[in-house]
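Listed here are the chains, written in short residue letters.
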Amino acid sequence: MGIWRLPSCRLSDLLGVAAYLALVGGQTDFFGKRSDRRPALGRRITLMWASIEKWAYPEWSYPLFIQHPELTMGFTADFFMRAAGAVEFALAFALMWTPLVRRVGAIMLAAMFVSAVGEFGKIDMIGHSLIIVALAAIHRDDAKQPARLHHSWLLPFGYVASLALFLTAYYVGHAALFGTAIL
């Protein structure tokens, strides 16, 4: 890992924050939407994408598990990475739901990132700070979006569609960029 690569700081984070700053600075909205929603969109995309990486490349974390075996909580490293990806994808998807679910998801994700600081120190805090700030903004969002419970039956379909979209985009994009097989 080079000195200029911050862990967990992705292009979608930076683009979400840049869009937020540009829209707030100009006091405009984006296609009729409030400008403070852009970091949340970047955060959702980044976390969903990172969860797919946990499934595609669980071996990236194996050296970390050798140095800190307690991180796997007694599970095999492969199972732990698959479970971590599933939890992260579900919590990132929760950031799109009602205000209460969005806030709970943001708190849980922020707690996961903050808890890593104790184990890995300041470098981890620097890398996760943009994520934590975006999650804090999602948590403090005071938008009064009414829960549409009569549409809640669509939630599993939205989850499956999001999962299929991100899996397809990840593996097809990887195959196109690196000339590898899709599966």
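What you see is a predicted model; the values in this text were computed from it and never measured.

Caption draft 1: Fine view of the overall build of the protein chain. A tally of regular secondary structure across the protein chain gives seven helices and zero strands. Burial statistics for the protein chain: of 183 residues in total, 34% are counted as buried. A separation of at least 24 residues holds for 68% of the contacts in the protein chain among residues at least 6 apart in sequence.

Caption draft 2: Broad picture of helix H4 (residues 77-94). A rise of 1.5 Å per residue sets the reference length of H4, with its 18 residues, at 26 Å; its end C-alpha atoms lie 25 Å apart and thus fit the reference within 8%. Regarding H4, the residues found buried are Phe-80, Met-81, Ala-84, Gly-85, Glu-88, Phe-89, Leu-91, Ala-92, Phe-93 and Ala-94.

Caption draft 3: Expanded view of the nonpolar core. Leu-95 and Leu-135 are the most contacted members of the largest nonpolar core, which totals 21 residues. At the level of secondary structure, the elements contributing two or more residues to this core comprise helix H2 (38-56), H4, helix H5 (99-120), helix H6 (122-140) and helix H7 (155-178). Top element by residues in this core is H2. It accounts for five residues. Among all residues touching Leu-135, those that are not within four sequence positions of it are Arg-43, Leu-95, Ala-106, Leu-109, Ala-110 and Phe-113.

Caption draft 4: Representation of the environment of Ala-134. With respect to the helices and strands, Ala-134 occurs in helix H6. With a relative accessible area of 7%, Ala-134 lands in the buried category. With 91 residues separating them along the chain, Ala-134 and Arg-43 place their C-alpha atoms 6.8 Å apart.

Caption draft 5: Structural context of the side chain of Arg-44. For Arg-44, the location among the structural elements is in helix H2. Polar contacts involving the side chain of Arg-44 include one to the main-chain carbonyl oxygen of Leu-95, which spans 3.1 Å. For Arg-44, the residues in contact, after removing those within four places along its chain, are Ala-92, Leu-95, Met-96 and Arg-102.

Caption draft 6: Here's a closer look at the packing of H5 against H6. Direction vectors running N to C along H5 and H6 enclose 165°, while the axes themselves pass 9 Å from each other. Looking at the two axes, H5 sits roughly antiparallel to H6. You can see that H5 and H6 cross each other, and the crossing is left-handed. Contacts between H5 and H6 involve Arg-102, Arg-103, Ala-106, Ile-107, Leu-109, Ala-110, Phe-113, Val-114, Ala-116, Val-117 and Phe-120 from the first element and Lys-122, Asp-124, Met-125, His-128, Ile-131, Ile-132, Leu-135, Ile-138, His-139 and Arg-140 from the second. Taken together, the residues of the contact of H5 with H6 sort by class into 14 nonpolar, two polar and five charged.

Caption draft 7: Looking closely at the packing of aromatic side chains. What the rule picks out here adds up to 11 aromatic pairs. Considering the side-chain rings of Phe-89 and Phe-166, the 6.1 Å spacing of their centres and the 80° angle between planes classify their relative orientation as edge-to-face. With Phe-89 in helix H4 and Phe-166 in helix H7, this residue pair connects regions lying 77 residues apart in the sequence. Summarising the burial analysis for this pair, Phe-89 and Phe-166 share the class buried.

Caption draft 8: Region of interest: H5. When the terminal C-alpha atoms of H5 are compared, their 32 Å separation across 22 residues agrees well with the 32 Å that a helix rising 1.5 Å per residue should span. Three or more residues of H5 are buried, namely Pro-99, Arg-102, Gly-105, Ala-106, Leu-109, Ala-110, Phe-113 and Ala-116. All buried residues of H5 lie within an arc of 135° about the axis, which places them on one face of the element. Every exposed residue of H5 that faces more than 90 degrees away from the buried side is listed here: Leu-100, Ser-115 and Gly-118. Trailing H5 by a residue or two, Gly-121 shows a phi angle of about 85°, which is positive.

Parameters and conventions
By convention here, each chain's residues receive numbers from 1 onward along its written sequence. Note on the predicted model: pLDDT of at least 70 is required for a residue's local features to be given, and 80 or more for side-chain atom pairs to be given and counted; whole-chain, interface and lining totals, by contrast, use all residues. To obtain the side-chain values, all non-hydrogen atoms of the structure were used and water was disregarded. What counts as a helix is a DSSP run of H or I of at least four residues, what counts as a strand is a run of E of at least two, and both are numbered from the N terminus. Exposure classes here rest on a 1.4 Å probe applied to the protein chains alone. A residue is buried below 20% of its type maximum, exposed above 50%, and partly exposed in between. Contact definition: two residues touch when any of their heavy atoms are within 4.5 Å. Expected helix span is computed as 1.5 Å times (number of residues minus one). Joining through side-chain atoms within 4.5 Å is the link that ties buried Ala, Val, Leu, Ile, Met, Phe, Trp, Tyr and Cys residues into a set, and such a set is a nonpolar core. As used in this structure description, the phrase polar contact means that two N or O atoms lie within 3.5 Å; if the pair is within protein, one of them must be able to donate a hydrogen and the other to accept it, and residues adjacent in sequence are counted only when both atoms belong to side chains. All axes here are fitted lines through C-alpha atoms, helices being fitted over the stretch that makes contact, and every angle between N-to-C directions spans 0 to 180 degrees. Angular relationships are summarised with four words: roughly parallel below 35 degrees, roughly antiparallel beyond 145, roughly perpendicular across 65 to 115, and oblique for the angles in between. Note: crossing handedness is left-handed where the near helix turns anticlockwise from the far helix by less than a right angle, and right-handed where it turns clockwise. The nonpolar class holds Ala, Val, Leu, Ile, Met, Phe, Trp, Tyr, Cys and Pro. Asp, Glu, Lys and Arg form the charged class, and all remaining residues, Gly among them, are polar. Pairing of aromatic rings covers Phe, Tyr and Trp, the last counted by its six-membered ring, and requires centre-to-centre distances within 6.5 Å; plane angles under 30 degrees mean stacked, over 60 mean edge-to-face, and any other angle means tilted. What the arc measures is the spread of directions leading from the helix axis to the C-beta atoms.

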